[in-house]
Amino acid sequence: MPGKSPDDLRSARWFAPDDLRSMGHRSRAMQMGLSEDDWQGKPVIAIINTWSDLSPCHHHLRDRAEWVKRGILQAGGMPAELPVHDFAEQFLKPTSMLYRNMGAMEVEETLRSHPVDGAVLMGGCDKSTPALVMGAISMGLPFIFLPAGAMLRGNYAGEKLGSGTDIWKYWDERRAGTIDKAQWDGVQGGIARSYGTCMTMGTASTMMSIAEGFGLTLPGASSIPAPDAGHKRMAAACGRRAVEMVWEDLTPDKIITPAATRNATAVAMATGCSTNAIIHLVAMARRAGIDWGLDDLDAIGRDVPVIANIRPSGKDYLMEDFFYAGGLPALMKEMGDALDLSVMTVNGKTLGENIESAVNYNDDVIRPLSKPVYHEGSLAVLRGNLAPDGAVIKPAACDPRFHTHTGPAIVADSYDEMKKIINDENYPMTPDHVLVLRNAGPQGGPGMPEWGMIPMPKALLKDGHRDMMRLSDARMSGTSYGACVLHVAPEAFVGGPLALIETGDIIEMDIPNRHLSVRLSDDELSARRAKWTPPEPRYERGFGWMFARHVEQADKGCDFDFLRTDFGGPVPEPEIN
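Thresholds, definitions, all that
Residues numbered from 1 in each chain as written. Predicted model: local features only at pLDDT ≥ 70, side-chain atom pairs only at ≥ 80, totals over all residues. Heavy atoms only, no water. Phe/Tyr/Trp six-rings, centres within 6.5 Å; stacked < 30°, edge-to-face > 60°. Helix = DSSP H or I, 4+ residues; strand = E, 2+ residues; numbered from the N terminus. Buried < 20%, exposed > 50% of the residue type's maximum accessible area, 1.4 Å probe, protein only. Arc of directions from axis to C-beta. Contact = heavy atoms within 4.5 Å. Axes fitted to C-alpha atoms, helices over the stretch in contact; angles between N-to-C directions. Parallel < 35°, antiparallel > 145°, perpendicular 65-115°, else oblique. Salt bridge = Lys/Arg side-chain N within 4 Å of Asp/Glu carboxyl O. Polar contact = N/O pair within 3.5 Å; in protein donor to acceptor, adjacent residues only side chain to side chain.

Draft legend 1. Main features of the packing of aromatic side chains. Here the structure, examined in full by the defined rule, presents nine aromatic pairs. Summarising the aromatic geometry, the rings of W171 and W184 are spaced 5.3 Å apart at their centres and angled 45° between planes, so their arrangement reads as tilted. On the criterion of sequence distance, the pair formed by W171 in helix α7 (residues 165-176) and W184 in helix α8 (residues 181-190) is long-range, its members being 13 residues apart. The exposure class assigned to W171 is partly exposed, which follows from its relative accessible area of 32%. For W184, a relative accessible area of 18% gives the class buried. Where F547 meets F560, the ring centres are 5.7 Å apart and the plane angle is 80°; that geometry is what we call edge-to-face.

Below is the structure:
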């Protein structure tokens, strides 16, 4: 039986009363060609669409919105497509992360201010998933997430290419002089062959998988390739299910629980997830009022191994292969006791019911726990006098010889300064040196750009070296790899210890023992701090000014402090007069 009656619908506040204001709402709806049969007694479902002409990952979402509308109409609802920020990772500068919280605010207020009862969230490219989910959590209406899906495998000269991952690899070879411009142009033309997100286990695929791990998608939805015909059917199914969720009053607080958060984290670790997952998982959980931090993620990472053999943590396969192997339901079934199967999901069934019939069709793509890609989870959290609030590394995606490393620092205060160092073929350095980039965090970047995978220096490339330890308060693309320590917190720009490091200081990293430090005494660090001068603010007006004053540090998810669940009382429904 429905949990709501037509009189209980939120949209009825706009359309149902026999008064002046509601008459205006009805007349303006009729202005668009609608009639009372379209809205009367029916849930209005917002289709939150991140399509734009400058969003290649979401280029198909204009079409998919039509399929969602079909599903909503089939289930007796009224569709209302509402566009929001596109989160186009490739084109937004200085970084799309600068706009994640703005996008979350836009989603929350778009849902609050319009006559809608539930929502289908359409996204997938990196920051779009957490932004959409964070905003919808804060609003509290029933919603379902529709993953944009990964693009087809790349191809050049008969070789399978992976988004981002192979660009980094071939850029090193180009700079080393082992490939020419024609080959580089061939990679450029072959690495992105269709619409859809990166088809490696980068941030996009990671966050879509996490959304499914939370129970926010239909079973298997996060693994369907964007060009697959099944993606259209899934879109229509999302529309139908959104209508049912409104009648059932299946709100996000009934789905995003502490147990679901543990599941989402475990799924992330098993997939070989992006380092960005940590920031977004913390932010999403905290929006739901769940106390979740770096230590929680690291503890799960100790116990859950990487079993998805997908680049960059894996070696051989991409998301299209993962889909053919059974997708995320098959991976979750392989995870066994690492998941709480009793949690509720958006289709009204438990996770256990959803994956009961899942089959792993290729146990090299989706490994059994007895044969993991890497013996621990994808990410490790490091602490020490250099990162008292934590730093992150992806051990499965770097040369194991750097898992324990000591070396002298080469420090750059900006990315431009670092580029001069890495492009100097004669710069004095060895593979044991540690490249340190600072002032690239949430406030310093600004927005914490993906500068953390610093390209290998030409001085080392010419001798055949392809990895070294790199350290920063920046992020890196989830498609990246290498011995890159990221998200150092507090960041240098606000006076974190990273601001005090000098070229020649000895950096020590011990991943098995989760340790990161600089070989300096407390007295020396204090003396340097006394001489440190805070940098000038990046912005003096506008959104950037607001961002700098309210963004939290990486270990807290980089949300705005005033958007936390515990900041003030709940926001009331809008007054309609």
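Draft legend 2. Region of interest: helix α13 (residues 294-303). Of all the positions in α13, only L294, L297, D298, I300 and G301 are classed as buried. Axial view of α13: buried residues confined to an arc of 165°, hence all on one face. Turned more than 90 degrees off the buried face of α13, the exposed positions are D295 and D303. Buried residues in α13 make contact with α11 (258-271), α12 (276-287), β7 (380-384) and β8 (387-393).

Draft legend 3. The packing of α11 against helix α15 (residues 327-335), seen in detail. Taken N-terminus to C-terminus, the directions of α11 and α15 make an angle of 100°; their axes are 11 Å apart at the nearest point. Between α11 and α15, the angle falls in the class roughly perpendicular. Facing α11, whose interface residues are A266, V267, A270 and T271, α15 presents L328, L331, M332 and M335.

Draft legend 4. Representation of the pattern of salt bridges. Following the criterion strictly, the structure yields 42 salt bridges and no others. Here E573 makes a salt bridge to R10, at a shortest N to O gap of 2.8 Å. Residue E573 is found in the segment after α20 (542-550), and its partner R10 is found in the segment before α1 (12-15); the two are separated by 563 residues along the sequence. Assessed through its relative accessible area of 38%, E573 is described here as partly exposed. With its nearest N and O atoms 2.8 Å apart, the salt bridge here joins R528 to E524. Residue R528 and its partner E524 are both found in helix α19 (residues 522-531); the two are separated by four residues, about one turn of the helix. By relative accessible area, which is 11% here, R528 ends up buried.

Draft legend 5. Highlighting unusual backbone geometry. The step from K93 to P94 runs through a cis peptide bond, and the omega angle for that step is 5°. The topology assignment puts P94 in the loop between β2 (78-83) and α5 (100-113). In the segment running from G445 into P446, the intervening peptide bond is cis, with an omega of -5°. Take P446: it is sitting in the loop between β10 (434-437) and α18 (458-461).

Draft legend 6. Spotlight on the side chain of H58. Along the chain, the position of H58 falls in the loop between β1 (44-49) and α4 (61-74). A relative accessible area of 0% means that H58 is categorised as buried. Polar contacts involving the side chain of H58 include one to the side chain of T50, which spans 2.8 Å. Separated by 2.9 Å, the side chain of H58 and the backbone nitrogen of C125 make a polar contact. Leaving out residues up to four positions away in the same chain, H58 has contacts with T50, W51, D86, G123, G124, C125, S128 and A148.

Any link to function would need more than the numbers given here.
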